Structure formats: C-alpha cells, structure tokens
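# Topology and contacts: notes
One-letter residues, chain by chain:
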Amino acid sequence: MGKTLFEKVWDSHIVDSVENGQEILYIDRHFIHEVTSPQAFEGIRRRGAGLYRKNKIVATADHNVPTKDQHLPIKDVLSKLQVDTLIQNCKEFGIDLYGLGHPYQGIVHVIGPELGITKPGMTIVCGDSHTSTHGAFGTIAFGIGTSQVEQVMATQCLLLERPKTMRITINGELQRGVSSKDIILYIISKLSTAGGTGYFVEYAGSAITSLSMEGRMTICNMSIEMGARGGMIAPDETTYEYIRGREFAPVGFALDEAINYWKTLYSDEDAYFDKEYTFEAESIPPMITYGTNPGMGIGIDEAIPDNDSDSFKKSLKYMNLEAGSSLLNKKIDHVFIGSCTNSRIEDLRIVAEYVAGKQKADHVKAMIVPGSKQVEKQAREEGIHQVLADAGFELREPGCSACLGMNEDKIPDGEYCVSTSNRNFEGRQGPGARTMLVSPLTAAIIAIEGKIVDTRNFVNKVATV
Amino acid sequence: MEKFKTLTSTVIPLANEDIDTDQIIPARFLKSTTREGFGKNLFRDWRYDSQGDLKEDFILNNPSYSGSILVAGKNFGCGSSREHAAWALYDFGFRAIVSSYFADIFKGNALNNGLLPVQISDGFLETIFELVKQDKNTTLKIELIDQQISIQGTKHTEKFNINAYKKTCLLNGYDDIDYLISKKSQIEQFEQTHKEF
C-alpha cells in the first residue's frame, strides 16, 4: 500500500520506535519566541548540558512587542523583561535572533516561510499552536509546550505517538468574494473545534492547489482550531516558485536536487487515510463567526443557529447576540487586520485594492498590523501603506498584536471587533472583547461600511487570497 | 515531576464545554519567565470582574466546593499550546482533570507536569455532575495503576486509557527529556544519514 504525504515525511524523521508505541521524531527546525521559551532555557541551564544543535534554532520576538514606536524601549515592564530575557538567552547560547529592530523581525509563522527557512519535507516545531502554518509547504509542523521546547533544545527530538491521518478535499471554484480564510472557517464550522483532534490533516483538491502560498498558509494555520495537530498541502510548482530566491533557500544545483526530492512528496493514490471529508468549493459562502470558538461560524447572510446546550447559550450571551437572528446590518466598532493567519503581503494587497479611494466608516477603528518588517517594507514599496492610510486605517509595526492582546493592542470590554485573526475565544482580544472572525476582504468591506454586510454585493471578482 | 499513583478527593465541577486555554490562563498573564505563580490567575476572567473583585457566582469562588480534581465539560484545553495552562491548574492545587474529551496539546502538557488528564465516557461525566449537584462532598478515587476511576460510596466506576509509556513516567516521576538524552548516540547516528533539503 502507498503512503500519505504525512507518512512519507514522518517516516523519514524517525530515529527509533519505542516498544510501547511512542516514536522518537527528529526535528529539522525549531522556532522560538519570548513567551514560551524562558522556562525551557532555565531547564537547559539547570541541566548544564547546553543546547544540542543551536544552529537549528531560530528566534524572534513577536507575541509581546508593541506595534507602535518599536525603536523606543518597551514601556510594559513585564513585556520588556520577557523580550530582554530572550535577547540574553540567545546571546548566551549563540542562537540567531531576529528581534526588535532587525529587518527580519516579525510573527514567527510569517518570517519562517518568507526567509526561505521553511521548506517541503521538513519537521518544524515551535512553542505556539499556529506552527501548523508551515504545513502549507508540505512540512510536518506543529505546536508544542514548553517542556517539549526544552526537549528539542536538549536533543533535537520529541517523543510522540503517531497521529491518525485525515484528508479534506475541496474541489471546484470558489464563489465571488470567497477566499482561503472562508474555506477554513467553513471546514471548522462543519467539523467543530474537536473534529480534528488526534489527526494530522492533508488538504487537497483543485480549490486548494489553485491557492497562492499565502492562501495555503491561512488554511494550514487554522488546522489547530478544529483540534488537529497540524495541516499539510503537497508541494507543487507554486511552492517551488515561492521558495526560489528567498534569503535561506537553496540555490543552483542544491535547489534542483531539493526540487527533485520535493516532487516525491505527495500522497500515493492507494494511500490510506483514517478519515476523509470532501466539500464543494461552490457551496462555501463568505464566512463569519458569531460565537466564542472558531467552530461557531456561518455564512455571512445566514441566521445564527439555535442550540439547547448551556455552553452555547453562555457563548451567545457573551457576544450579546440572539439565536435565529441575522448578523447583517450589525454595527461594528473595530476592524483588526493582522495575525499569523492573515498579515502577509497578499492579505494587505487585497485590502488595499478594495479600500483604494474609499474611506472607512467614521465610527470604526481600523488597525492593520503587518506580519513582519519585510511585509511592512514591501507594502511601503508597493504604495500599499499610502492607500491604507488614505482610507483611514491605522498602520502599525509587526507583531501578534490584538490577536491575543498581550501588548497594548486590546479591544475594549463589550465592543465588537471584526478580525482576520484565528480565535474568537472569550477575552482573547481583551477582557470582554467580542470577536468575529472573517477574511481580509470581508474585514476591508466591513471597515468601509461600518456594519456587517453581504460582501458578495460589494465585489465583482473572486478574491485572490 | 511529582509521582502520581492514587488520588482520592472531592471535586470542583465546571460543566462548560470547549474550555480553551485563554480561559484557563489569559494571554496577558503569560509574561513571567518562570514556571511558578500562575495559579493566582487561573480562570482569571471567570473568577474576577474588571475591577478585580471576586465573581461570587463562579464555582471556584464558592467555598462549599473544594478538592484537587477538576471535572470539566468535553474538549477541555482547546486552543493555544501554552503550557502555562497546565502550570496554572497545578499551581492552583489540581492534580487531575476529568473530562469526556481533551485537546491534544493540552493533554501532552498536563502529562509532562504530573497533572493527570482522565478521559471518561459522556455518560460517566454526566453521572459525576449529577451526583456532585446532589452532594458537594461526592468523592472520586483515581487509581493510575489500574487505570480506574470510581465514585466513592457508589457502584459507579470506569476504566480510562493512558499511553503505557506516559503511565510509567507518571508512576515514577520521570520526564521525557531524561529518556531522550539517554538516546543521544542513536540520535547522532540518525543525523549521519539524515539529509535536510
């Protein structure tokens, strides 16, 4: 029997199988950031054995950093301590750090791919659940806890139980105004937040292979929101083209050799998946969430469903919404465009293309946080910054920002925020904040209209992201 | 890591489903550089209002409920990979979490910190909630060696699954890291032939 893409990559990284079903998986690249690494460094220091392969670790500061005046010292004492601790640790252990002020700084899942560090066939981990993003390149990439960060630092390996495999196939063409973010919100609304638990997902089908790398990253990024450890997409010409010429990408003969290998990374026709789902692209509407987990999503013109469970009722109460009602015409206070899900150059381009020559609604506070210094620079070069500023959007510097509100970028208690991020949990964007997850195009349209609208009436072509 | 063998305790019931790690410990309280002290912000926004005053209707603030076992609705620990969630629960005094479903990363993090996730059937979970509602002193006994959980003074009992390796680790207080370090020569050997493209 043939192998799945997941099995091909997983099997090529097995150091040993332990008698009771655990396997020792070798990790090719380890990304670290300021929030989930300090306790791991502390453990390494206590053991005194040092790092096993420091050249396989790449560090950046993203979760805690301010998105205004990054050239000035961080005002929040605790945030500053964490960022300073990362700088100190990287210095002491000799790790490459793309910290504040560095031209490569940015959200860890944005910079890995854009620097050409993320490549097909690799295993990548990071103390962050959205590490699944890198799966868009045909890598096995997943989030780990701090104890595991320490394990990888000490041995470059993890002890794991092999997950089950799932394939989700989306065939056909997307409707007008529908993008990759809508695809993944649709999938999660069908499978629920626990539907993928225990699985590693492969996304396939013509609606997936026709996406750009940015679009594919958005899909893989949110795999964790249905409980899956990670998501993958088989590499193809789009993948190779994206990697070619990037800072750390292979060149010349090494690139040819790599591409020859990458071409073997696909699921064989007779490969077996533990679970399979198929959806038609045409049936996916522009999506929006109405509740407090990413599985609570509906088509933007649909009514909020009803459900008897106490958890569901509690969720609607928190959002101050009613079952059976429509979200259309609901006034919105904030629009946040950013996060490791949707802060790449293509996301900014699609927003700029729509808002060019328009003005955001007066009552909406619209914030755009690019994913990295490189995205910010490119946006400037393409004139995107000016278009967005002219339309009334506040442009910030790179970081995780209002996706999780660790820095000052928080949504006030009780206010509604239409957000391109990945989680609408209670208080995620600030205590009492009410988050509605959408695509960048939907966010752009809502920022202009000031309320929730059926975005299909505002666009005349298919979104490219 | 502390050893885990048997735990007998009253419980704190929290029937909500899909309790995510942002509820267990909100991101703004992750700014410490050590593992200690996260318990005081466990379920922060459910325990305290925006003024920092206790919300009396939240179960953790009700003095008639106590114990080192948290019984929670299904899909506990979904969301982020923050191990701080497991640290906060442990620091607060919990030693086991009982639910009918756990999110993957949380489960792994809990096991790596001596906090036992006990996955039981929906029906058994319902029974526990029901009995605790009738009597706050309802006591659970969790025996790791036999992989058994029972409601004291009743016939209600159920077996639970746990990975055999993880069970050994918990029973003996071993970490994964010691095991992996003992495999160093094999890892070095693997690196000789492993090609990264």
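The coordinates are above.
Values in this document were obtained by computation on a predicted structure and should not be read as measured data.

Side-chain positions along a regular strand alternate between the two faces of the sheet. Residue and element names in this part refer to chain A. Alternating positions in strand β18 (residues 416-419) separate into two faces, Y416 and V418 on one and C417 and S419 on the other, with burial throughout. Summarising the sheet, β18 and strand β19 (residues 434-437) pair through four bridges and their orientation is parallel. The residue bridging V418 from the neighbouring strand is M436, located in β19.

Before going further, it helps to examine the packing of helix α2 (residues 38-47) of chain A against helix α5 (residues 146-155) of chain A. All names here are of chain A. The N-to-C vectors of α2 and α5 enclose an angle of 45°; their axes lie 8 Å apart at closest approach. The angle between the axes of α2 and α5 places the two elements in the oblique class. In the crossing of α2 with α5, the sense of the turn from one axis to the other is right-handed. Between α2 and α5, the residues in contact are Q39, A40, F41, G43, I44 and R47 and T146, V149, E150, M153 and A154, respectively. In terms of residue class, the contact of α2 with α5 is made up of six nonpolar, three polar and two charged.

Excluding glycine, residues mostly carry a negative phi; peptide bonds, for their part, are mostly trans. Residues and elements named next belong to chain A. Its identity as a non-glycine residue notwithstanding, Q156 has a phi of 65°, on the positive side. The exposure class assigned to Q156 is buried, which follows from its relative accessible area of 1%. With a phi close to 75°, N329 is a non-glycine residue in the positive phi region. Its location among the elements puts N329 in the loop between α11 (310-319) and β15 (334-337). On the accessibility criterion, N329 (54% relative accessible area) is exposed.

Further remarks concern the packing of helix α12 (residues 345-355) of chain A against helix α15 (residues 440-449) of chain A. Residues and elements named next belong to chain A. Across the interface, α12 lies against α15 with an axial gap of 9 Å and an inter-helix angle of 35°. Read as a crossing pair, α12 and α15 show a hand that is right-handed. On α15, the residues that touch D347, I350, V351, Y354 and V355 of α12 are P440, L441, A444, I445, I448 and E449. Tallied by class, the residues present in the contact of α12 with α15 amount to nine nonpolar, no polar and two charged.

What follows deals with the interface of chain B and chain A. Opposite the 55 residues of chain B that make contact, chain A presents 69 residues. Counting each side, the surface lost to burial between chain B and chain A is near 5200 Å², with a carbon and sulfur contribution of 55%. The three residues of chain B that bury the most area against chain A are K31(B), T33(B) and F197(B), which together make up 16% of that side's buried surface. Between the two partners, chain B and chain A, sit 10 salt bridges. For R47(A), the salt bridge identified is with D175(B), shortest N-O distance 4.0 Å.

Relative to the assigned elements, D176(B) resides in helix α7 (residues 176-181). The exposure class assigned to D176(B) is buried, which follows from its relative accessible area of 4%. At a separation of 2.9 Å, a polar atom in the side chain of D176(B) contacts the side chain of Y165(B). In contact with D176(B), other than residues within four places in its own chain, are Q151(A), L159(A), N112(B), Y165(B), K166(B) and C169(B).

Time to look at the nonpolar core. Formed by 108 residues in total, the largest nonpolar core has its most connected members in M436(A), F43(B), F76(B), L89(B), V98(B), L116(B) and I142(B). Setting aside residues no more than four positions away along its own chain, V98(B) makes contact with I69(B), L70(B), V71(B), A72(B), V118(B), I120(B), L125(B), I128(B), L140(B), I142(B) and I149(B). A61(A), F93(A), I259(A) and L437(A) belong to the second-largest nonpolar core, a separate cluster that totals 79 residues.

Residues and elements named next belong to chain A. Counted by the stated rule, this structure contains 21 aromatic pairs over all chains. Here a set of aromatic residues connected by ring pairs shows up, and it is made of F6, W10, F142 and F200. Directly above the ring of Y52 sits R53, whose terminal nitrogen or CZ lies 4.1 Å from the centroid. In this arrangement the basic side chain of R246 is found over the ring face of Y242, its NZ or CZ atom lying 3.7 Å from the centre.

Below, the discussion takes up the sheet that holds strand β2 (residues 69-72) of chain B. Sheets are built from strands that pair by backbone hydrogen bonding, the pairs being arranged parallel or antiparallel. Residues and elements named next belong to chain B. Taken in spatial order, the seven strands make up an open sheet running β4-β3-β2-β1-β5-β6-β7, and their pairing is mixed. Every other strand in the sheet has two partners, leaving β4 (116-119) and β7 (157-159) as the edge strands with one partner each. Going across the sheet, the axis of each strand differs from the next one's by a mean of 25°, ignoring polarity. Note: strand β1 (residues 6-14) against β2, four bridges, orientation parallel. Across the sheet, residue I12 finds its bridge partner in β2, namely L70.

Further remarks concern the pattern of salt bridges. The tally for this structure, following the rule as stated, stands at 39 salt bridges over all chains. In this structure, the salt-bridge partner of K373(A) is E376(A), at a minimum N-O distance of 3.2 Å. Of this pair, K373(A) and E376(A) both sit in helix α13 (residues 373-381), separated by three residues, roughly a single helical turn. On the basis of relative accessible area, E376(A) is assigned to the buried category, the value being 8%. Each of R47(A), E150(A), R35(B), E83(B), D175(B) and D178(B) takes part in salt bridges that share partners, so that together they form one network.

On the surface, D310(A), E17(B), D122(B), E126(B) and E130(B) cluster together into a patch of negative charge. Per element, the largest residue contribution to the negative patch is three residues, and it comes from helix α5 (residues 122-134) of chain B. With relative accessibility at 49%, the residue E126(B) sits in the partly exposed group.

What counts as what
- Residues numbered from 1 in each chain as written.
- Chains lettered and ligands numbered in written order.
- Predicted model: local features only at pLDDT ≥ 70, side-chain atom pairs only at ≥ 80, totals over all residues.
- Heavy atoms only, no water.
- Buried < 20%, exposed > 50% of the residue type's maximum accessible area, 1.4 Å probe, protein only.
- Helix = DSSP H or I, 4+ residues; strand = E, 2+ residues; numbered from the N terminus.
- Pairing = 2+ DSSP bridges.
- Axes fitted to C-alpha atoms, helices over the stretch in contact; angles between N-to-C directions.
- Parallel < 35°, antiparallel > 145°, perpendicular 65-115°, else oblique.
- Left-handed = near helix turned anticlockwise from the far one by under 90°.
- Contact = heavy atoms within 4.5 Å.
- Nonpolar A, V, L, I, M, F, W, Y, C, P; charged D, E, K, R; others polar.
- Buried area = accessible area lost by both parts, 1.4 Å probe.
- Salt bridge = Lys/Arg side-chain N within 4 Å of Asp/Glu carboxyl O.
- Polar contact = N/O pair within 3.5 Å; in protein donor to acceptor, adjacent residues only side chain to side chain.
- Core = buried A, V, L, I, M, F, W, Y, C linked by side-chain atoms within 4.5 Å.
- Phe/Tyr/Trp six-rings, centres within 6.5 Å; stacked < 30°, edge-to-face > 60°.
- Lys NZ or Arg CZ within 6 Å of the ring centre and 35° of its normal.
- Patch = residues over 30% accessible without salt bridge, like charges linked within 9 Å, V, L, I, M, F, W, Y side chains within 5 Å.
- Areas by Shrake-Rupley, 256 points an atom, 1.4 Å probe, with all protein chains shown as cover.
- Lys, Arg positive; Asp, Glu negative; His and termini not counted.
- Charge placed at Lys NZ, Arg CZ, Asp CG, Glu CD.

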